[in-house]
Amino acid sequence: MEVKARAPGKIILSGEQAVVHGSTAVAASIDLYTYVSIKILPSTENDDRLTLQLKDMALAFSWPVGRIKESLSSLGGPFPSTPTSCSTASMKLILALVEEQNIPEAKISLASGVTAFLWLYTSILGFKPATVVVTSELPLGSGLGSSAALCVAFSAALLACSDFVNVDMKQQGWLIFGESELELLNKWAFEGEKLIHGKPSGIDNTVSTYGNMIKFRSGNLTHIKSSMPLKMLITNTKVGRNTKALVAGVAERTLRHPDAMNSVFNAVASISEEMANVIQAPALDDLSITAKEEKLEELMEMNQGLLQCMGVSHASIETVLQTTLKYKLASKLTGAGGGGCVLTLLQTLLSGTIVHKVIAELESCGFQCLIAGIGGNGAEICFGAPSWL
Ligand SMILES: Nc1ncnc2c1ncn2[C@@H]1O[C@H](COP(=O)(O)OP(=O)(O)O)[C@@H](O)[C@H]1O
Ligand SMILES: C[C@@](O)(CCOP(=O)(O)O)CC(=O)O
Ligand SMILES: [Mg+2]
């Protein structure tokens, strides 16, 4: 049996970091995906293995299934079949299984992704031998939600192979799960994301699961329907950073200055609410679209100022802001900050010449620019020949 799943990355239009502290945020899926393929293998007498191939990194990890079973069954298994947090005891055992694989020091940041894989795999499918292959179009650790896309794609593929969901394997092409399956998949992906981020808000796995555009607050999502075309330039500063450390840094600043930081989070919540209203308000002509774009630009700039207050901007982000401002374009960081990606709103009536000029100037600083499609489908699964591997 072979199943493929894909899950999109995301941009956060407003409210990153503050959303971890209960503020509203607005996010949208982008058309860059992480793909997971699972091939369940027939059980043999003595060489059953679980293999994880990270194709883009040219890395493969493999465990004898008996070894995983022996290690984890000391906890008294079977593992939970409903989404549950990985206990400290399970975590310790899984980390030992990851450590055995001797991940090269230069790629050690991948260990948390491998840990999330082992937890999701054993929880959802138990100890079946299989080969799992991962590929991704998303830059890792850049604020475009690669960690959530990975957990969503794992969960979707695993659930499609499990007895927990009912899917018609004869259907062709990419399929979307039903509502209750999406809810289950999103909960599992959140558990995986916790192992990578420490304390995620859940916005990244939720927008990757459901796709489109969402408003998110304290675990609750509201679907948003944009009444205007939204075009964003995404500039990757290529400055590596780690979401877990940045989220922890904001939490520490909040402990030091609770009143000031709570005021910042409240201001961010108001910005996100207003942004959602602007995006959804009817636009009857070019004039009203331009007026809405100007409001969005101002809200993005205000949000960026507050992200600076939280301590998550970076010299490379400031360079992108100054460069785009020269062309009268508004920008803000997206994701955890500290480097990673910056969003710039490209107004509908903006000339192509300006877009080319700003991209050329950003790229001359060593940054990488892309314009992604915004608001496509969320998680999808497919049975059949893997054309994308
Ligand atoms: N395709 C992938 N293969 C392996 N690990 C991945 C993959 N995508 C994401 N990860 C895991 O997620 C981490 C990056 O997550 P994070 O710091 O949250 O940044 P972001 O989610 O913005 O890309 C990586 O260091 C790795 O552990
Ligand atoms: C900083 C945060 O708001 C978004 C993190 O996104 P990313 O991992 O940087 O793509 C954290 C969260 O909401 O879980
Ligand atoms: Mg992440």
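To start, this report covers the structure provided alongside it. As the structure is a prediction and not an experimental result, all values here were calculated from the model.

As for the site of ligand 2
- By nearness alone, 19 residues border ligand 2, and K10, S201, R241, T243 and A336 come closest of all.
- Contacts to ligand 2 include G143, whose backbone N or O atom sits 3.3 Å from an oxygen atom.
- Taking T243, its side chain carries an N or O atom lying 2.8 Å from an oxygen atom of ligand 2.
- Starting from 380 Å² of accessible surface for ligand 2 in isolation, the protein chains cover 98%.
- Those elements that provide at least two residues to the shell around ligand 2 are strand 1 (2-14), helix 6 (203-210) and helix 7 (243-256).
- Partitioning the shell around ligand 2 into residue classes produces eight nonpolar, seven polar and four charged.
- Of the residues that make up the shell around ligand 2, three or more belong to each of domain 1 (2-221 + 375-383) and domain 2 (228-371).

Brief notes about the site of ligand 1
- Every one of the 20 residues lining ligand 1 counts as a neighbour, but S109, G141, G143, S146 and H197 are closest to it.
- Between ligand 1 and G113, the relevant distance is 3.2 Å, taken from an oxygen atom to a main-chain nitrogen or oxygen of the residue.
- Here an oxygen atom of ligand 1 sits 2.8 Å away from a polar atom, N or O, in the main chain of G141.
- The protein chains hide 94% of the 570 Å² of surface that ligand 1 would expose on its own.
- If you list the elements that add at least two residues to the shell around ligand 1, you get helix 3 (111-125), strand 5 (130-136), helix 4 (146-161) and helix 5 (179-197).
- The dominant element in the shell around ligand 1, judged by the number of residues it contributes, is helix 4, at three residues.

Re the coordination of the magnesium ion (ligand 3)
- Around the magnesium ion (ligand 3), the protein contributes the donor atoms S147 (OG) and H197 (NE2), which lie 2.2 to 2.3 Å from the metal centre. On the criterion of sequence distance, the pair formed by S147 in helix 4 and H197 in helix 5 is long-range, its members being 50 residues apart.
- Assessed through its relative accessible area of 9%, H197 is described here as buried.

Structural notes on the state of the cysteines
- For the structure on display, the rule yields zero disulfides.
- Cysteine C365 shares no disulfide, and the gap to the nearest cysteine sulfur, in C369, comes to 9.2 Å.

Observations concerning the packing of helix 9 (residues 286-310) against helix 10 (residues 315-326)
- Relative to each other, helix 9 and helix 10 sit at 155°, their axes nearing to 13 Å. Of the possible angle classes, the one that applies to helix 9 and helix 10 is roughly antiparallel. Crossing of helix 9 over helix 10 shows left-handed handedness. Residue-level inspection shows E301, Q304 and Q308 of helix 9 in contact with helix 10, the latter providing I317, E318, L321 and L325.
- Per-class residue counts for the contact of helix 9 with helix 10 are three nonpolar, two polar and two charged.

Reading guide: rules and limits
- Residues numbered from 1 in each chain as written.
- Chains lettered and ligands numbered in written order.
- Predicted model: local features only at pLDDT ≥ 70, side-chain atom pairs only at ≥ 80, totals over all residues.
- Heavy atoms only, no water.
- Near = heavy atom within 4 Å.
- Polar contact = N/O pair within 3.5 Å; in protein donor to acceptor, adjacent residues only side chain to side chain.
- Areas by Shrake-Rupley, 256 points an atom, 1.4 Å probe, with all protein chains shown as cover.
- Helix = DSSP H or I, 4+ residues; strand = E, 2+ residues; numbered from the N terminus.
- Nonpolar A, V, L, I, M, F, W, Y, C, P; charged D, E, K, R; others polar.
- Domains from an automatic or database assignment.
- Donors = N, O, S within 2.8 Å, 3.2 Å for Na, K, Ca; no water.
- Buried < 20%, exposed > 50% of the residue type's maximum accessible area, 1.4 Å probe, protein only.
- Disulfide = S-S within 2.5 Å.
- Axes fitted to C-alpha atoms, helices over the stretch in contact; angles between N-to-C directions.
- Parallel < 35°, antiparallel > 145°, perpendicular 65-115°, else oblique.
- Left-handed = near helix turned anticlockwise from the far one by under 90°.
- Contact = heavy atoms within 4.5 Å.

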